[in-house]
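Structure assessment
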Amino acid sequence: MYVQRPIAILDSGVGGLTVVREVMRQLPREKVIYFGDTARTPYGPRPAEEVVRFTDELVTYLMQFKPKMIIIACNTATAVALEHIRSRVDVPVIGVINPGSRAAIKSTKSGIVGIIGTIGTVRSQAYEEALKRLNPNIHVASLACPQFVPLVEQGNFRSEQTFETIRSSLEPLKEIPLDTLILGCTHYPFLADTIGEVMGPGVKLISSDSETAREMSAILQETGKLASQPELPVHQFFCSGDPRLFKRIAQQWLGEQIELTPVVWQIPQIG
(Lines give C-alpha, C1' and ligand atoms only; values in the text may rest on other atoms or scores of the structure.)
Protein backbone atom coordinates (compact mmCIF):
# COMPACT_ATOMS: atom_id res chain seq x y z
CA MET A 1 0.00 0.00 0.00
CA TYR A 2 1.16 3.54 -0.77
CA VAL A 3 0.71 4.69 2.82
CA GLN A 4 3.28 2.15 4.04
CA ARG A 5 6.08 3.74 2.01
CA PRO A 6 8.86 5.42 4.01
CA ILE A 7 9.77 9.03 4.72
CA ALA A 8 13.23 9.83 3.32
CA ILE A 9 15.24 12.35 5.33
CA LEU A 10 18.65 13.60 4.21
CA ASP A 11 21.28 15.89 5.67
CA SER A 12 24.93 16.85 5.24
CA GLY A 13 25.72 14.87 8.41
CA VAL A 14 24.16 14.14 11.80
CA GLY A 15 22.20 17.42 12.02
CA GLY A 16 19.07 16.01 10.40
CA LEU A 17 18.72 13.58 13.31
CA THR A 18 17.03 16.48 15.12
CA VAL A 19 14.24 16.25 12.54
CA VAL A 20 14.24 12.44 12.69
CA ARG A 21 13.65 12.52 16.44
CA GLU A 22 10.63 14.76 16.01
CA VAL A 23 9.21 12.64 13.18
CA MET A 24 9.60 9.49 15.31
CA ARG A 25 8.01 11.23 18.30
CA GLN A 26 5.08 12.75 16.45
CA LEU A 27 4.44 9.88 14.00
CA PRO A 28 5.83 6.64 15.47
CA ARG A 29 4.18 4.47 12.78
CA GLU A 30 6.10 6.14 9.95
CA LYS A 31 9.17 4.35 8.61
CA VAL A 32 12.21 6.62 8.33
CA ILE A 33 15.11 6.22 5.91
CA TYR A 34 17.89 8.64 6.80
CA PHE A 35 21.03 9.56 4.91
CA GLY A 36 23.75 11.61 6.60
CA ASP A 37 26.52 12.62 4.17
CA THR A 38 29.11 12.62 6.95
CA ALA A 39 32.05 12.05 4.58
CA ARG A 40 31.42 15.37 2.83
CA THR A 41 30.13 17.51 5.69
CA PRO A 42 29.89 20.45 6.13
CA TYR A 43 27.93 21.70 3.13
CA GLY A 44 27.89 25.32 4.34
CA PRO A 45 31.23 26.52 2.93
CA ARG A 46 30.81 24.69 -0.40
CA PRO A 47 29.76 26.37 -3.68
CA ALA A 48 26.02 26.23 -4.32
CA GLU A 49 26.39 24.07 -7.44
CA GLU A 50 28.35 21.48 -5.46
CA VAL A 51 25.67 21.37 -2.74
CA VAL A 52 23.02 20.88 -5.44
CA ARG A 53 25.03 18.00 -6.93
CA PHE A 54 25.54 16.31 -3.55
CA THR A 55 21.85 16.69 -2.67
CA ASP A 56 20.94 15.27 -6.07
CA GLU A 57 23.12 12.20 -5.39
CA LEU A 58 21.51 11.59 -1.98
CA VAL A 59 18.01 11.91 -3.42
CA THR A 60 18.85 9.54 -6.30
CA TYR A 61 20.09 6.98 -3.78
CA LEU A 62 17.03 7.35 -1.52
CA MET A 63 14.52 7.12 -4.37
CA GLN A 64 15.28 3.40 -4.74
CA PHE A 65 13.29 2.91 -1.52
CA LYS A 66 10.22 4.52 -3.12
CA PRO A 67 9.62 7.15 -0.41
CA LYS A 68 6.26 8.90 -0.22
CA MET A 69 7.94 12.13 0.90
CA ILE A 70 11.44 13.63 1.07
CA ILE A 71 12.60 15.98 3.83
CA ILE A 72 15.73 17.99 3.10
CA ALA A 73 16.82 18.39 6.73
CA CYS A 74 19.78 20.60 5.86
CA ASN A 75 19.34 24.37 5.75
CA THR A 76 22.12 24.88 3.20
CA ALA A 77 20.68 22.23 0.86
CA THR A 78 17.16 23.60 1.41
CA ALA A 79 18.34 27.10 0.49
CA VAL A 80 20.02 26.14 -2.80
CA ALA A 81 18.59 22.78 -3.91
CA LEU A 82 14.95 22.54 -2.77
CA GLU A 83 13.32 23.74 -5.99
CA HIS A 84 15.68 21.66 -8.13
CA ILE A 85 14.79 18.49 -6.21
CA ARG A 86 11.08 19.29 -6.38
CA SER A 87 11.35 19.57 -10.16
CA ARG A 88 12.85 16.11 -10.60
CA VAL A 89 10.83 13.84 -8.26
CA ASP A 90 7.14 13.03 -8.15
CA VAL A 91 6.70 13.05 -4.37
CA PRO A 92 6.33 15.99 -1.97
CA VAL A 93 9.65 17.55 -0.93
CA ILE A 94 9.84 19.84 2.10
CA GLY A 95 12.73 21.79 3.54
CA VAL A 96 13.42 23.27 6.96
CA ILE A 97 13.52 27.01 6.25
CA ASN A 98 9.82 27.88 5.88
CA PRO A 99 8.74 25.92 9.01
CA GLY A 100 11.46 27.59 11.09
CA SER A 101 10.52 31.03 9.77
CA ARG A 102 6.85 30.57 10.66
CA ALA A 103 7.77 29.55 14.20
CA ALA A 104 10.01 32.62 14.59
CA ILE A 105 7.29 35.01 13.41
CA LYS A 106 4.90 33.51 15.98
CA SER A 107 7.52 33.82 18.70
CA THR A 108 8.90 37.34 18.35
CA LYS A 109 7.38 40.22 20.31
CA SER A 110 10.01 42.83 19.45
CA GLY A 111 9.99 42.11 15.72
CA ILE A 112 13.76 41.57 15.77
CA VAL A 113 14.81 38.05 14.80
CA GLY A 114 18.34 36.67 14.72
CA ILE A 115 19.49 33.87 12.45
CA ILE A 116 22.60 31.76 12.86
CA GLY A 117 23.56 29.31 10.15
CA THR A 118 26.28 28.05 7.86
CA ILE A 119 28.08 30.36 5.45
CA GLY A 120 25.99 28.96 2.59
CA THR A 121 22.65 29.43 4.33
CA VAL A 122 23.43 32.98 5.45
CA ARG A 123 24.83 33.89 2.03
CA SER A 124 21.64 32.65 0.32
CA GLN A 125 19.44 35.00 2.39
CA ALA A 126 16.76 32.31 2.25
CA TYR A 127 15.64 32.92 5.83
CA GLU A 128 15.44 36.69 5.37
CA GLU A 129 13.29 36.21 2.29
CA ALA A 130 11.02 33.68 4.03
CA LEU A 131 10.61 35.94 7.09
CA LYS A 132 9.92 39.05 4.97
CA ARG A 133 7.27 37.17 2.97
CA LEU A 134 5.49 36.45 6.24
CA ASN A 135 6.02 39.90 7.77
CA PRO A 136 7.61 42.68 5.69
CA ASN A 137 8.24 44.75 8.84
CA ILE A 138 10.42 42.15 10.57
CA HIS A 139 14.02 43.13 11.36
CA VAL A 140 16.56 40.40 10.70
CA ALA A 141 20.14 39.97 11.93
CA SER A 142 22.08 37.09 10.32
CA LEU A 143 25.35 35.56 11.45
CA ALA A 144 27.37 32.71 9.96
CA CYS A 145 28.80 30.30 12.56
CA PRO A 146 31.04 27.95 10.54
CA GLN A 147 32.72 26.43 13.61
CA PHE A 148 29.50 24.91 15.01
CA VAL A 149 28.97 22.01 12.56
CA PRO A 150 32.45 20.49 13.09
CA LEU A 151 31.83 20.49 16.87
CA VAL A 152 28.61 18.51 16.39
CA GLU A 153 30.07 16.10 13.83
CA GLN A 154 32.83 15.30 16.36
CA GLY A 155 30.23 14.68 19.09
CA ASN A 156 31.64 17.62 21.08
CA PHE A 157 28.38 19.07 22.41
CA ARG A 158 29.44 20.36 25.83
CA SER A 159 33.01 21.23 26.78
CA GLU A 160 35.00 24.31 27.69
CA GLN A 161 36.15 24.53 24.06
CA THR A 162 32.54 24.34 22.86
CA PHE A 163 31.42 27.08 25.25
CA GLU A 164 34.25 29.40 24.24
CA THR A 165 33.68 28.79 20.54
CA ILE A 166 29.96 29.55 20.86
CA ARG A 167 30.49 32.57 23.14
CA SER A 168 33.01 34.21 20.79
CA SER A 169 31.00 33.34 17.66
CA LEU A 170 27.75 34.86 19.01
CA GLU A 171 29.35 38.04 20.38
CA PRO A 172 28.09 40.23 17.48
CA LEU A 173 24.47 39.25 18.20
CA LYS A 174 24.73 40.19 21.86
CA GLU A 175 24.71 43.86 20.81
CA ILE A 176 21.36 43.51 19.04
CA PRO A 177 18.04 43.64 21.02
CA LEU A 178 16.60 40.50 19.44
CA ASP A 179 14.15 38.29 21.35
CA THR A 180 14.11 35.31 18.96
CA LEU A 181 17.01 33.38 17.46
CA ILE A 182 16.56 30.87 14.64
CA LEU A 183 18.95 27.93 14.81
CA GLY A 184 19.34 27.98 11.04
CA CYS A 185 21.18 24.68 10.80
CA THR A 186 19.83 21.33 11.95
CA HIS A 187 23.16 20.64 13.65
CA TYR A 188 22.69 23.55 16.04
CA PRO A 189 20.02 22.03 18.35
CA PHE A 190 22.77 19.68 19.56
CA LEU A 191 24.37 22.85 20.98
CA ALA A 192 21.13 24.52 22.10
CA ASP A 193 21.86 24.39 25.84
CA THR A 194 25.13 26.29 25.42
CA ILE A 195 23.69 28.68 22.82
CA GLY A 196 20.84 29.47 25.23
CA GLU A 197 23.29 29.99 28.07
CA VAL A 198 25.32 32.44 26.00
CA MET A 199 22.33 34.38 24.62
CA GLY A 200 20.48 34.53 27.93
CA PRO A 201 16.88 33.83 29.01
CA GLY A 202 15.45 36.80 27.11
CA VAL A 203 16.11 35.14 23.74
CA LYS A 204 13.88 32.28 22.57
CA LEU A 205 15.63 29.69 20.42
CA ILE A 206 13.73 28.42 17.39
CA SER A 207 14.59 25.04 15.92
CA SER A 208 12.86 23.97 12.72
CA ASP A 209 12.72 20.27 13.65
CA SER A 210 9.31 20.17 15.37
CA GLU A 211 7.74 22.58 12.85
CA THR A 212 9.06 20.53 9.92
CA ALA A 213 7.63 17.33 11.42
CA ARG A 214 4.28 19.06 11.91
CA GLU A 215 4.26 20.22 8.28
CA MET A 216 5.08 16.69 7.14
CA SER A 217 2.28 15.30 9.29
CA ALA A 218 -0.23 17.81 7.90
CA ILE A 219 0.67 17.00 4.28
CA LEU A 220 0.39 13.25 4.86
CA GLN A 221 -2.93 13.67 6.64
CA GLU A 222 -4.39 15.93 3.95
CA THR A 223 -3.37 13.50 1.20
CA GLY A 224 -4.48 10.37 3.08
CA LYS A 225 -0.97 8.90 3.15
CA LEU A 226 -0.35 8.46 6.87
CA ALA A 227 1.00 5.03 7.78
CA SER A 228 -1.67 2.74 9.19
CA GLN A 229 0.08 -0.57 9.84
CA PRO A 230 -0.27 -1.85 13.44
CA GLU A 231 3.35 -3.01 13.80
CA LEU A 232 6.26 -0.65 14.44
CA PRO A 233 8.43 0.11 11.39
CA VAL A 234 12.08 -0.81 10.94
CA HIS A 235 14.05 2.40 10.33
CA GLN A 236 17.15 2.52 8.13
CA PHE A 237 20.11 4.83 8.72
CA PHE A 238 22.84 5.45 6.17
CA CYS A 239 26.01 7.51 6.46
CA SER A 240 28.86 8.08 4.03
CA GLY A 241 31.61 8.57 6.64
CA ASP A 242 32.74 6.95 9.91
CA PRO A 243 29.89 4.58 10.87
CA ARG A 244 30.96 4.19 14.50
CA LEU A 245 30.92 7.91 15.26
CA PHE A 246 27.67 8.38 13.36
CA LYS A 247 25.98 5.52 15.21
CA ARG A 248 27.20 6.77 18.59
CA ILE A 249 25.87 10.29 18.00
CA ALA A 250 22.59 8.96 16.58
CA GLN A 251 22.00 6.64 19.54
CA GLN A 252 22.86 9.41 21.97
CA TRP A 253 20.54 11.93 20.32
CA LEU A 254 17.61 9.66 19.45
CA GLY A 255 17.80 7.77 22.74
CA GLU A 256 14.36 6.57 23.71
CA GLN A 257 12.98 6.91 20.18
CA ILE A 258 15.21 4.19 18.70
CA GLU A 259 14.90 2.01 21.78
CA LEU A 260 11.22 1.71 20.91
CA THR A 261 11.66 0.67 17.29
CA PRO A 262 14.05 -1.55 15.32
CA VAL A 263 16.88 0.18 13.44
CA VAL A 264 19.16 -1.04 10.65
CA TRP A 265 22.54 0.72 10.21
CA GLN A 266 24.08 0.66 6.72
CA ILE A 267 27.06 2.16 4.87
CA PRO A 268 26.35 2.86 1.20
CA GLN A 269 28.65 3.77 -1.67
CA ILE A 270 27.86 7.23 -3.02
CA GLY A 271 29.55 10.08 -4.83
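Up top is the structure these notes are about.
A few points on the structure. Note that this is a predicted model, so its numbers are computed, not measured. (Residues numbered from 1 in each chain as written. Predicted model: local features only at pLDDT ≥ 70, side-chain atom pairs only at ≥ 80, totals over all residues. Heavy atoms only, no water.)

1. Observations concerning the overall build of the protein chain
A tally of helices and strands in the protein chain yields 12 helices and 10 strands. Rg of the C-alpha trace for the protein chain: 18 Å, near the compact-globule value of 18 Å for 271 residues, within the 12% margin. C-alpha extents for the protein chain along the principal axes are approximately 55 × 40 × 35 Å. Expressed as a percentage of its 271 residues, the buried residues of the protein chain come to 57%. Put simply, the protein chain shows about 11,400 Å² of open surface, and 52% of that area lies on carbon and sulfur atoms. For the protein chain, the centre of its 27 positive side-chain charges and the centre of its 28 negative side-chain charges are spaced 4 Å apart. (Helix = DSSP H or I, 4+ residues; strand = E, 2+ residues; numbered from the N terminus. Rg over C-alpha atoms; globule rule 2.2 N^0.38 Å. Buried < 20%, exposed > 50% of the residue type's maximum accessible area, 1.4 Å probe, protein only. Areas by Shrake-Rupley, 256 points an atom, 1.4 Å probe, with all protein chains shown as cover. Lys, Arg positive; Asp, Glu negative; His and termini not counted. Charge placed at Lys NZ, Arg CZ, Asp CG, Glu CD.)

2. Quick look at the sheet that holds strand 2 (residues 32-36)
If you walk across this open sheet you meet the 6 strands as 4-3-1-2-9-10, and the pairing is parallel. Because the sheet does not close on itself, it has two edges, and the strands there are strand 4 (93-94) and strand 10 (263-266). Most of the contacts of helix 2 (residues 48-63) go to strand 1 (residues 7-11), to which it runs at about 155 degrees, and overall it touches strand 1, strand 2, strand 3 (69-72) and strand 9 (235-239). (Pairing = 2+ DSSP bridges. Contact = heavy atoms within 4.5 Å. Axes fitted to C-alpha atoms, helices over the stretch in contact; angles between N-to-C directions.)

3. What about the sheet that holds strand 8 (residues 204-206)?
Spatially, 4 strands are ordered 6-5-7-8 in an open sheet, and the strand pairing comes out parallel. The sheet terminates laterally at strand 6 (139-144) and strand 8, the two strands that pair on one side only. The average angle at which neighbouring strand axes cross in this sheet is 25 degrees, direction not considered. Against the sheet, helix 6 (residues 126-134) touches strand 5 (112-117), strand 6 and strand 7 (180-184), its axis set at about 155 degrees to strand 5.

4. Things to note about the packing of helix 4 (residues 97-107) against helix 10 (residues 208-222)
It is the contact of helix 4 with helix 10, at a shortest axis distance of 8 Å, that shows an interaxial angle of 115 degrees. It follows that helix 4 is roughly perpendicular to helix 10 by the angle criterion. Our pair here, helix 4 against helix 10, has a crossing hand that is right-handed. Residue-level contacts link P99, G100, R102, A103 and K106 of helix 4 to S208, E211, T212 and E215 of helix 10. (Parallel < 35°, antiparallel > 145°, perpendicular 65-115°, else oblique. Left-handed = near helix turned anticlockwise from the far one by under 90°.)

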